[in-house]
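# Understanding the architecture of this molecule
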Protein chains: 2
Amino acid sequence: MHDPLANLAGYLLRRASNAALAELNARLAPLELRHADVALLMLVAAAPAISQSQAGRVLDIQRANMVSFVGRLEERSLLRRRPLDRRSQALELTGRGRRLLARARQVVAAHEQALRGRVPESLRPAVLPILAALWQGAAPQRRRPRRSAA
Amino acid sequence: MHDPLANLAGYLLRRASNAALAELNARLAPLELRHADVALLMLVAAAPAISQSQAGRVLDIQRANMVSFVGRLEERSLLRRRPLDRRSQALELTGRGRRLLARARQVVAAHEQALRGRVPESLRPAVLPILAALWQGAAPQRRRPRRSAA
DNA sequence: TATTGTTATACTCTATAACTATA
DNA sequence: TATAGTTATAGAGTATAACAATA
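Residues numbered from 1 in each chain as written. Chains lettered and ligands numbered in written order. Predicted model: local features only at pLDDT ≥ 70, side-chain atom pairs only at ≥ 80, totals over all residues. Heavy atoms only, no water.

Bringing the overall build of chain A into the picture now. Helix and strand counts for chain A stand at 6 helices and 2 strands. Counted from the first residue to the last, chain A has its helices and strands arranged as α-α-α-α-β-β-α-α. The C-alpha extent of chain A, read off along each of the three principal axes, is 55 × 45 × 25 Å. When the accessible surface of chain A is totalled, it reaches about 8,000 Å², and 49% of it is carbon and sulfur. Side chains of chain A give 26 positive and 11 negative charges; the mean places of these two sets differ by 4 Å. (Helix = DSSP H or I, 4+ residues; strand = E, 2+ residues; numbered from the N terminus. Areas by Shrake-Rupley, 256 points an atom, 1.4 Å probe, with all protein chains shown as cover. Lys, Arg positive; Asp, Glu negative; His and termini not counted. Charge placed at Lys NZ, Arg CZ, Asp CG, Glu CD.)

Take a look at the structure:
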């Protein structure tokens, strides 16, 4: 059936995002990575010795949730925690992490290529500016309100 | 810090979508609705007597997950299940559901307005076509691959 | 006093398998 | 034989509170 919500930007944004995420995860599956893993590896590569909390702030991941997230990648020897002072942990890629990231970057590039290919050529220059504007224009969000049984 | 992933369409898509969703949920909180609730109510309003499974297919929600989802809205007397045959359930809005949906539509309209307002005017006509292209061009997705402990 | 990393915990969302009844 | 609705269950993602150690 025709989707009656297809004229809502918010709805399309969610559907497009979900589809793209699912596709990227499928592409990354052979590397046993998920999109969030690659985001963190790319961030650490771009900002060596960034602290765990800082990385969480950039990627919008709670401090508490960074622990097991980073821990899993550390167990796989993809990144390392190094004490920055006696409180903060600096994150850095291992050799193995760098090599896997190099492969992941190719997957991401192919995925980006596929995304761009879906957009009519005349509209392509508008893709990044529009998405950036939609994101950056957003009000900093309070946390998710609980569902209450009404 | 400057986000080194900000030139990736997939990343921007996810961040923009998350920000928009969080904002919409915050706007809907006074009505004790979440974005998915409104999507279902709007769908049922546009396609009266759509079956529970059909609605799930349109919204990309598993049959199994529709049960408690619809159940919760039914408990709140926002929609009703009516037997279509002895197997399928037709969904229809109650009067209360229609009234609440009318209010929700205003919230959604304000939210859509806010989204559009974030985009430079010259790019606005490209917003819906780009998002629709990114979504509709996506390959139908197999389900999410499991994370394996590597 | 504020921040970092951490543990514990809980809720939402989503996925799969299996079952019954029905088309 | 395929589909609708359902139950049960599990996993991923994400939220909060609280704590100790440190800046």
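Structure's up, so let's keep going.
Contact with chain A, which involves 64 residues of that partner, is made by 64 residues of chain B. Viewed at the interface, chain B and chain A are joined by 8 residue pairs in polar contact (both at pLDDT 80 or more). Elements with a minimum of two residues in the side of chain A that touches chain B: helix H1 (9-28), helix H2 (35-46), helix H3 (52-59), helix H5 (95-118) and helix H6 (127-136) of chain A. Sort the elements by how many residues they give to the side of chain A that touches chain B and H1(A) lands first, with 16 residues. Across the side of chain A that touches chain B, the residue classes break down as 42 nonpolar, 8 polar and 14 charged. (Contact = heavy atoms within 4.5 Å. Polar contact = N/O pair within 3.5 Å; in protein donor to acceptor, adjacent residues only side chain to side chain. Nonpolar A, V, L, I, M, F, W, Y, C, P; charged D, E, K, R; others polar.)

Mapped onto the elements, Arg118(B) comes out in helix H5 (residues 95-118). A polar contact of 3.1 Å, which involves the side chain of Arg118(B), links it to the backbone oxygen of Gly137(A). Leave out the neighbours within four places in its chain, and Arg118(B) touches Ala133(A), Leu134(A), Gly137(A), Ala138(A), Ala139(A) and Glu23(B).

Within a regular strand, the side chains alternate between the two sheet faces. By the bridge criterion, 5 bridges tie strand E1 (residues 79-83) of chain B to strand E2 (residues 89-93) of chain B in an arrangement that is antiparallel. Its bridge partner lying in E2(B), Arg81(B) is registered against Leu91(B). (Pairing = 2+ DSSP bridges.)

Residues and elements named next belong to chain A. Inspection of every chain in the model, using the stated rule, returns 10 salt bridges over all chains. We note a salt bridge from Glu-23 to Arg-27, for which the minimum N-O separation is 3.2 Å. Remark: Arg-27 and Glu-23 occur in helix H1; sequence separation between them is 4 residues, near one turn of the helix. Between Arg-80 and Glu-92 there is a salt bridge whose closest N-O contact spans 3.6 Å. In this pair, Arg-80 sits in strand E1 (residues 79-83) while Glu-92 sits in strand E2 (residues 89-93), placing the two residues 12 residues apart along the sequence. With a relative accessible area of 39%, Arg-80 lands in the partly exposed category. (Salt bridge = Lys/Arg side-chain N within 4 Å of Asp/Glu carboxyl O. Buried < 20%, exposed > 50% of the residue type's maximum accessible area, 1.4 Å probe, protein only.)

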